[in-house]
Amino acid sequence: MDISIENLNKTYFRRGKNFNAFKTIDLKVKTGEFIAVVGPSGSGKTTFLHLLAGLLTQSSGVIRYEGLAFADISKNEKAAFINENIGFIPQGTSLIPSLSVLDNLRLPLYLTKRNHQAGTEINQAIALLGQLGIEELADEYPNSLSGGEQRRVAIARSVMNHPKLILADEPTNDLDDLSKIKVLELFKQKNQAGATVIMVTHHKENLDYADKILTME
């Protein structure tokens, strides 16, 4: 997915005054790029990723996805576009506790109402869990999983729809070395299949997977 960012700014109001999470980001991302975003805590990395995911609205500037800006479409059209095209992995827990691991993974397909043969989404979900070494957890519920297991389930769910854009915020936190490699190899596989990947990370070893490294100051 091609992304064009012009004059992007996000301002918050705190302690009686405005402050910039960041200001004046200009960036072009080409389809199939694997980008790592680094920088110190508080430099706006997570805010930047949330803006790209459509979870926040910028204070000024514009983000265009293959020429489309969210400001130009309705809320329903925006939601449909995000569900069909963007896979987002936030920090922390994001699984639905009342759904099993398998149903958490299957949910994106049902939200987008994609046509698929009955049962094929189960095979796809099990295959993704297998890639990340947690296929035995398919029938478990999130509250019985460790933090690292929940993180890997959320990562598997983020790519169920074969998104054109994968946004990952510190995806290898809470993971052992082998699990980190499995996650990064999954991202690289999706990237080589055509997906654009933007990953916020503070792990230096993760940078080897990126084509480009951007630093926020």
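Let me begin by describing the structure that accompanies this report. Computed from a predicted model, the values in this text were never measured in an experiment.

Rules of the game
- Residues numbered from 1 in each chain as written.
- Predicted model: local features only at pLDDT ≥ 70, side-chain atom pairs only at ≥ 80, totals over all residues.
- Heavy atoms only, no water.
- Phe/Tyr/Trp six-rings, centres within 6.5 Å; stacked < 30°, edge-to-face > 60°.
- Buried < 20%, exposed > 50% of the residue type's maximum accessible area, 1.4 Å probe, protein only.
- Helix = DSSP H or I, 4+ residues; strand = E, 2+ residues; numbered from the N terminus.
- Lys NZ or Arg CZ within 6 Å of the ring centre and 35° of its normal.
- Polar contact = N/O pair within 3.5 Å; in protein donor to acceptor, adjacent residues only side chain to side chain.

## Here's the deal with the packing of aromatic side chains
Then step 1. In this structure the tally under the stated criterion is 5 aromatic pairs.
Then step 2. Between tyrosine 65 and phenylalanine 70 the ring centres are 4.8 Å apart and the planes differ by 25 degrees, which places this aromatic pair in the stacked class.
Then step 3. You can call phenylalanine 70 buried: its relative accessible area is 15%.
Then step 4. Between tyrosine 65 and phenylalanine 81 the ring centres are 5.9 Å apart and the planes differ by 55 degrees, which places this aromatic pair in the tilted class. In this pair, tyrosine 65 sits in strand E4 (residues 60-65) while phenylalanine 81 sits in helix H2 (residues 75-85), placing the two residues 16 residues apart along the sequence.
Then step 5. Residue classification places tyrosine 65 among the buried residues on the basis of a relative accessible area of 1%.
Then step 6. Each member of the aromatic cluster is reached from another via a ring pair, and the members are Tyr65, Phe70 and Phe81.
Then step 7. Lying across the ring of tyrosine 12, lysine 10 places its NZ or CZ 5.4 Å from the centre.

## Details of the environment of aspartate 176
Then step 1. Take aspartate 176: it is sitting in the loop between strand E7 (165-169) and helix H6 (177-192).
Then step 2. What makes aspartate 176 partly exposed here is its relative accessible area of 42%.
Then step 3. Linking aspartate 176 and asparagine 7, residues 169 residues apart in sequence, is a C-alpha distance of 38 Å.
Then step 4. A distance of 3.1 Å separates the side chain of aspartate 176 from the backbone nitrogen of leucine 178, its partner in a polar contact.

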